[in-house]
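Spelled out from the first residue to the last, the chains are:
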Amino acid sequence: MKGVFITFEGCDGSGKTTQISLLERYLRDMGCNVLVTREPGGDTVAENIRSVLLASESQVSPRTELLLFLAARAQVVDFVIRPALERGNIVLCDRFADSTVTYQGYAREQDLDWVRRLNAYATNGLTPDKTLLFDIDPVDGLSRQTDRNRMESETLDFHQRVRKGYLAESRLFPERFHVIDASANVQLVHQAVLEALKDVIKPENWKTGNCAIHP
Ligand SMILES: Nc1ncnc2c1ncn2[C@@H]1O[C@H](COP(=O)(O)OP(=O)(O)O)[C@@H](O)[C@H]1O
Ligand SMILES: [Mg+2]
C-alpha cells in the first residue's frame, strides 16, 4: 500500500478531533494528499450505524454494540480507507480498532481474544502504521466536553478502565503506539504529534510532492 495510515485514540475529550484538524491543515500546507475520517462513521452506511450506536436513548446489548462497531469498521475500511491508501494518501482516522479492544474488550469486559479476532476480520488485516494515544485522566477529559453521547455518558469507572486498557495496549505494541500527554495545551500537543510522526511522514518526501512514503 502506498499511503500512510495514522489512527488517533484516547478517552473522550482527550483532543483527538482538535489534533486531527491541526495535523490535517499542517499536512495540506505541505502539499500532501490527506484523507480524514472518523469511527464509527466515514460513509453513509457507517454514519447510519453511528447514529444507532451513539444515540442516548438506544438500549444496546454489549454483543450488539461490538458487532455494530465492527460492521461500521468493515464498511469504512473497504470503501474509504483502503482506496485512499492505495491512492497514496495520508489517512488520519479518528478512532479505529484499538477503540474496540479498549471499550468493548477492557472496559465492557468482553473476551479480548474474541474482540481481537473479530477486529482482524472487520479490518481484513489492515493495521495502522502509527497510532497516537492521547492520554489524559478521564476526569479532565470529560470535563472538557459539554454534550455527552451514549458512550461518553458511561460511569467514571468505565472511562478509567478505558484509559488502563489503552495503556496496556500501548505496552503490547510499542512500535506502533506513541503515547502523548494530552493534558498539555493544544499547541504543545500538536508539536508532540509532529514529533511522533517524523519518521513515518518524512519531510524530505514532502519536497518531491511524494509525501506518503513509508520509512
Ligand atoms: N489540549 C487541550 N487543552 C484544553 N482543551 C482542549 C485541548 N484539546 C482540545 N480541547 C478542547 O476539549 C474539547 C474536546 O476536544 P476534542 O478534540 O473534541 O476531543 P475528542 O475528539 O478526543 O473527544 C473541545 O472543546 C476542545 O476544544
Ligand atoms: Mg472527537
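In this text the structure is predicted, and so the values were computed from the model without any measurement.

*Asks:* What exactly am I supposed to notice about the packing of helix H3 (residues 62–86) against helix H4 (residues 97–107) here?
*Replies:* Helices that pack against each other are described as a pair by the angle of their axes relative to one another and the distance between those axes. Remark: H3 packs on H4, axes separated minimally by 11 Å, with the N-to-C direction vectors making an angle of 175°. For the element pair H3 / H4, the angle class is roughly antiparallel. In contact with Pro62, Glu65, Leu66, Phe69, Leu70 and Arg73 of H3, H4 contributes Ala97, Thr100 and Gln104. Residues that form the contact of H3 with H4 fall into these classes: five nonpolar, two polar and two charged.

*Asks:* Please explain the packing of H4 against helix H5 (residues 112–123) as it appears in this structure.
*Replies:* Orientation of H4 relative to H5, taken along the N-to-C sense of each, is 155°, at an axis distance of 10 Å. Here H5 runs roughly antiparallel to H4, going by the angle between their axes. Once H4 is placed against H5, the crossing between them reads as right-handed. Taking contact as the criterion, the partners of Ala97, Thr100, Val101, Gln104 and Gly105 in H4 are, on H5, Leu112, Val115, Arg116, Asn119 and Thr123. Its residues assigned to classes, the contact of H4 with H5 shows four nonpolar, five polar and one charged.

*Asks:* How should I be thinking about unusual backbone geometry in this particular structure?
*Replies:* A negative phi angle characterises most non-glycine residues, just as the trans form characterises most peptide bonds. Omega for the bond connecting glutamate 39 with proline 40 falls within 30 degrees of zero, at -15°, which places this linkage in the cis form. Within the element layout of this structure, proline 40 appears in the loop between strand S2 (34–38) and helix H2 (44–54). With phi around 60°, glutamate 109 is a residue other than glycine that occupies positive phi space. Looking at the element boundaries, glutamate 109 is found in the loop between H4 and H5. Within the chain, asparagine 124 stands out as a residue other than glycine whose phi angle is a positive 55°. Mapped onto the elements, asparagine 124 comes out in the loop between H5 and strand S4 (130–135).

*Asks:* Which parts of the structure should I look at to understand the pairing of strand S3 (residues 90–94)?
*Replies:* Burial within S3 is extensive, with four of its five residues counted as buried. Taken together, the five bridges between strand S1 (residues 4–10) and S3 define a ladder with parallel strand orientation. Looking at S3, one finds that phenylalanine 8 is bridged to aspartate 94. When S2 meets S3, the two strands line up parallel, connected through five bridges. Considered in S3, the bridge of leucine 35 is made with valine 91.

*Asks:* Which parts of the structure should I look at to understand helix H8 (residues 186–197)?
*Replies:* In an α-helix, one full turn covers 3.6 residues, which means residues spaced three or four apart are oriented alike. Its twelve residues give H8 an end-to-end C-alpha distance of 17 Å, which sits within 8% of 16 Å, the value for a rise of 1.5 Å per residue. Where H8 is buried, its residues contact S1, helix H1 (16–29), S4 and strand S5 (177–181).

*Asks:* Help me out: how do you make sense of the site of ligand 1 in this one?
*Replies:* In the neighbourhood of ligand 1, 13 residues make up the surrounding shell, with Gly15, Lys16, Thr17, Thr18 and Arg144 lying closest. Looking at the shell around ligand 1, the elements that each hand over two or more residues are H1 and H8. Looking at the shell around ligand 1, the element that brings in the most residues is H1, giving three residues. Here the shell around ligand 1 is built from residues that sort into two nonpolar, eight polar and three charged.

*Asks:* I keep staring at the nonpolar core and nothing clicks. Help me out?
*Replies:* Grouped burial of nonpolar side chains is what soluble globular proteins tend to show. Ile6, Ile81, Ile90, Val91 and Leu92 are the most contacted members of the largest nonpolar core, which totals 48 residues. Considering every element that reaches this core, the biggest residue donor is H3, with nine residues. In contact with valine 91, not counting residues within four places along its chain, are Gly3, Phe5, Ile6, Leu35, Thr37, Ile81, Ala84 and Leu85.

*Asks:* Looking at this structure, I do not really get the sheet that holds S3. What am I missing?
*Replies:* Paired through their backbone hydrogen bonds, the strands of a sheet run either parallel or antiparallel. Taken together, five strands build an open sheet; the order of strands is S2-S3-S1-S4-S5 and the sheet is parallel. Each edge of the open sheet is held by one strand with a lone partner, namely S2 and S5. Strand-to-strand twist in this sheet, taken as the mean axis angle between neighbours without regard to direction, amounts to 20°. Where S4 and S5 come together, five bridges link them in parallel fashion. Opposite threonine 131, over in S5, you have phenylalanine 177 as the bridge partner.

*Asks:* Is there a simple way to think about H2 in this case?
*Replies:* Among the residues of H2, Ala46, Ile49 and Leu53 are the ones counted as buried. All buried residues of H2 fall inside an arc of 60° around its axis, so they share one side. Seen from the buried face of H2, the exposed residues on the opposite side, beyond 90 degrees, are Thr44 and Ser51. Those residues of H2 that are buried are in contact with H3.

About the thresholds
- In this numbering scheme, every chain counts its residues from 1 along its sequence in written order.
- Starting at A for chains and at 1 for ligands, labels are handed out in the order in which the entities are written.
- Only residues with pLDDT of 70 or above have their local features reported here, since the model is predicted, and side-chain atom pairs are shown and tallied only from 80 upward, although totals for entire chains, interfaces and linings are computed over all residues.
- Structural elements are reduced to axes, namely lines fitted to C-alpha atoms, with helices fitted over the stretch in contact, and the angle between N-to-C directions of any two is expressed from 0 to 180 degrees.
- Think of it this way: any DSSP run of H or I at least four residues long counts as a helix, any run of E at least two long counts as a strand, and we number them from the N terminus.
- Working rule for angles: under 35 degrees goes down as roughly parallel, over 145 as roughly antiparallel, 65 to 115 as roughly perpendicular, anything else as oblique.
- Remark: residues whose backbone-derived C-beta atoms lie within 7 Å of one another are considered to be in contact.
- Following the grouping adopted for this structure description, the nonpolar residues are Ala, Val, Leu, Ile, Met, Phe, Trp, Tyr, Cys and Pro, the charged ones are Asp, Glu, Lys and Arg, and the polar ones are all others, Gly among them.
- By definition, turning the near helix anticlockwise from the far helix through less than a right angle yields a left-handed crossing, and turning it clockwise yields a right-handed one.
- Residue burial here comes from a neighbour count, namely the number of other C-beta atoms, placed from the backbone, that lie within 10 Å of the residue's own C-beta, with 20 or more meaning buried, 12 or fewer meaning exposed, and in between meaning partly exposed.
- Here a strand pair is declared whenever DSSP counts at least two bridges between the two strands.
- A helix is expected to reach a length of 1.5 Å times the quantity of its residues less one.
- A residue counts as near a molecule or strand when its C-beta atom, positioned from the backbone, falls within 6 Å of it.
- The term nonpolar core refers to a group of buried residues, namely Ala, Val, Leu, Ile, Met, Phe, Trp, Tyr and Cys, whose C-beta atoms join them within 7 Å.
- Regarding the arc, it is the one traced by the directions from the helix axis to the C-beta atoms.

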